[in-house]
Amino acid sequence: MFPSPSTNVRRNRSADTPPFCCRKGRPMLQLINIEKKYTTGDLTQAALNGVSLNLRDSEFVAILGPSGSGKTTLLNIIAGLTEPTSGKVYCDGKEVTGTGTERGVVFQQYALFPWLTVKKNVMFALEMRGVKGKEAEEEALKYLAIVDLVKFADHYPKELSGGMKQRVAIARAYAANPDVLLMDEPLSNLDAKLRVEMRSVIRHTQKSVGITTVYVTHDQEEAMAISDRIAVMKDGVIQHVGTPRDIYQRPKNVFVATFIGRTNIVNAHVKDGIITFADGYHEHIDALDKAAEQEVRCSIRPEEFIICKDGTEGIHGTVQECTYLGLNTHYTIDTDQGDSVEIVEESSIGEGLKKGEKVLLKVKKEKINVFTKDGDTNLIRSDAYEKQ
Ligand code: ADP
Ligand code: MG
């Protein structure tokens, strides 16, 4: 489907704002306590449970979550295609709940007009917002330059590869110059290599044009690579909003820790700021000083373990698997308590381990995250560390 172009010429931004200028700062999109319930027969199901989110102008935010977490419902509500049960959507300071102007939408299938050349496809979006003739042609070429397709301006879509067609569709979506561009898993039909390539095309185009973008994906690596901030969703609730780095390093709960990147979840006990693991191995963590005594679940990423061959202190384990991958070596280590942990170590550290070798595991205590037993709260005080 063609992204709905900005038909509201009254707010034709090209008249007062140069199209290639970023207008960072003010909030462009505000979602306030959005709820959506679907009723099928006697069954009422909540797809969204009080979602609030602000996007600054020119910001690129990914909505990331597993299938069924409410991403598409949220995007459709932002687009005005679905009415929320309650809550409000503001776009550029105006309430737009349930109305569909000024927000372009790109779905999984980009459809170009096959009877128009590449340039004319992009010009169509410009003409829909009142840019005409020579000016439309020149602007279309600028957008095509961003996606590196000027050479193909006079070709027809059928003469292009899948990836090139996607690039035209991206250029056209941005040329429509909506206040907010919404994309729902736009790369999910492409093969893995092209998906990675297209990430940088989308990222580069968005940064060049500066249009606020909401990008839905279930692929955490894609979200990390492409976004300024990520909103992680589960069961219709935003679990954590933050930069890719915040979310990876200080996830708000166990779900976020396990959904973003790889991690090991290890049981431990906290008392007086001291965390004690299996075999009596303990560390003092300043950021836990105010936590009450309790059983906890720790998220320890594969790179946050230290493997020791000598000494007496640490979690006792036995190497089960070693995979040498050049820069890094991956280990699977079974602890004496019966847990299996994944560890990644730079290959240059030590001379490598062998299957069956006994080791002691310690943790990089300033890196690990410590959650309440229910997994809902990170006990590491957010002010405890400078941004890493
Ligand atoms: P996602 O895009 O994250 O996979 P969706 O927003 O499509 O999730 O769906 C969220 C939940 O709402 C799912 O449980 C889905 O079954 C339900 N749902 C979505 N659309 C409808 C609908 N039109 N009628 C009934 N239930 C729906
Ligand atoms: Mg979806």
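This text follows the structure it describes.
Counting of residues starts from 1 at the beginning of each chain's written sequence and follows it residue by residue. Going through the entries in the order they are written, you letter the chains from A and number the ligands from 1. Two thresholds apply to this predicted model, a pLDDT of at least 70 for residue-level local features and 80 or more for giving and counting side-chain atom pairs, whereas whole-chain, interface and lining totals are computed over all residues. Hydrogens and waters are ignored; side-chain quantities use all the structure's heavy atoms.

### A closer look at the sheet that holds strand S18 (residues 340-346)
One key point about sheets: their strands pair by backbone hydrogen bonds, in either a parallel or an antiparallel sense. For two strands to pair, DSSP has to find at least two bridges joining them. In DSSP terms, a helix is any run of H or I states spanning at least four residues, a strand is any run of E spanning at least two, and both are numbered starting from the N terminus. Strand order across the open sheet formed by five strands is S15-S19-S16-S17-S18, with antiparallel pairing between neighbours. Across the chains shown, the open sheet's two edge strands, defined by having one partner strand only, are strand S15 (305-308) and S18. Across the sheet, the mean angle from the axis of one strand to that of its neighbour is 45 degrees, orientation sign disregarded. Where strand S16 (residues 315-325) meets strand S17 (residues 328-335), eight bridges bridge the pair, whose relative direction is antiparallel. Pairing of Val319 across the sheet is with Ile333, part of S17. Angular values range over 0 to 180 degrees, each being the angle between N-to-C directions of two axes fitted as lines to C-alpha atoms, with helices fitted over their stretch in contact.

### Here we look at the pairing of strand S3 (residues 60-64)
For each residue, the accessible area found with a 1.4 Å probe, counting protein chains only, is set against the maximum for its type, and the residue is called buried under 20%, exposed over 50%, and partly exposed in between. Within S3, five of the five residues are buried, which leaves it mostly tucked inside the rest of the structure. Residues Phe60, Ala62 and Leu64 line one face of S3 and the alternating positions Val61 and Ile63 line the opposite face, and both faces are buried. The sheet contact formed by S3 and strand S8 (residues 212-217) spans five bridges and is parallel. Residue pairing for S8: Ala62 is matched across the bridge by Tyr215. Alignment of S3 against strand S9 (residues 229-234), held across four bridges, turns out to be parallel. When the sheet's bridge partners are listed, Ala62 is paired in S9 with Ile230.

### Describing the pattern of salt bridges
Side chains that carry opposite charge are capable of pairing whenever their charged atoms lie near each other. Whenever a carboxyl oxygen of Asp or Glu lies within 4 Å of a side-chain nitrogen of Lys or Arg, that contact is scored as a salt bridge. Under the counting rule described, the total for this entry stands at 14 salt bridges. The shortest N-O distance in the salt bridge between Glu59 and Arg229 comes to 2.5 Å. Linking Glu59 in the loop between strand S2 (43-56) and S3 with Arg229 in strand S9, this pair joins segments that are 170 residues apart in sequence. Under the relative-accessibility criterion, Arg229 is labelled buried at 17%. One salt bridge connects Lys88 with Glu95, and the closest N-O pair in it is separated by 4.0 Å. When its relative accessible area of 38% is taken as the criterion, Lys88 is described as partly exposed. Salt bridges sharing partners connect three or more residues here, namely Arg56, Glu59 and Arg229.

### Description of the environment of Met123
The topology assignment puts Met123 in helix H3 (residues 118-128). Judged by relative accessible area, Met123 falls into the buried class, the value being 6%. Considering only alpha carbons, one finds Met123 and Gly133, ten residues apart in sequence, at a separation of 8.9 Å.

### Observations regarding the nonpolar core
Throughout this description, the term nonpolar core refers to a set of buried Ala, Val, Leu, Ile, Met, Phe, Trp, Tyr and Cys residues connected via side-chain atoms within 4.5 Å. Residues Val122, Leu126, Tyr143, Leu144, Tyr174 and Ile202 are the most contacted members of the largest nonpolar core, which totals 38 residues. Elements supplying a minimum of two residues to this core: H3, helix H4 (133-146), helix H5 (162-175), strand S7 (180-184) and helix H6 (192-209). Sorting elements by how many residues they give to this core places H5 first, with eight residues. Ignoring sequence-local partners within four residues, the contact set of Leu126 consists of Val131, Ala136, Glu139, Ala140, Tyr143 and Ala175. Core analysis: the second largest hydrophobic core is formed by 29 residues, Ala268, Ile275, Ile285 and Leu353 among them. Whether two residues are in contact is decided by their heavy atoms, any of which lying within 4.5 Å being enough.

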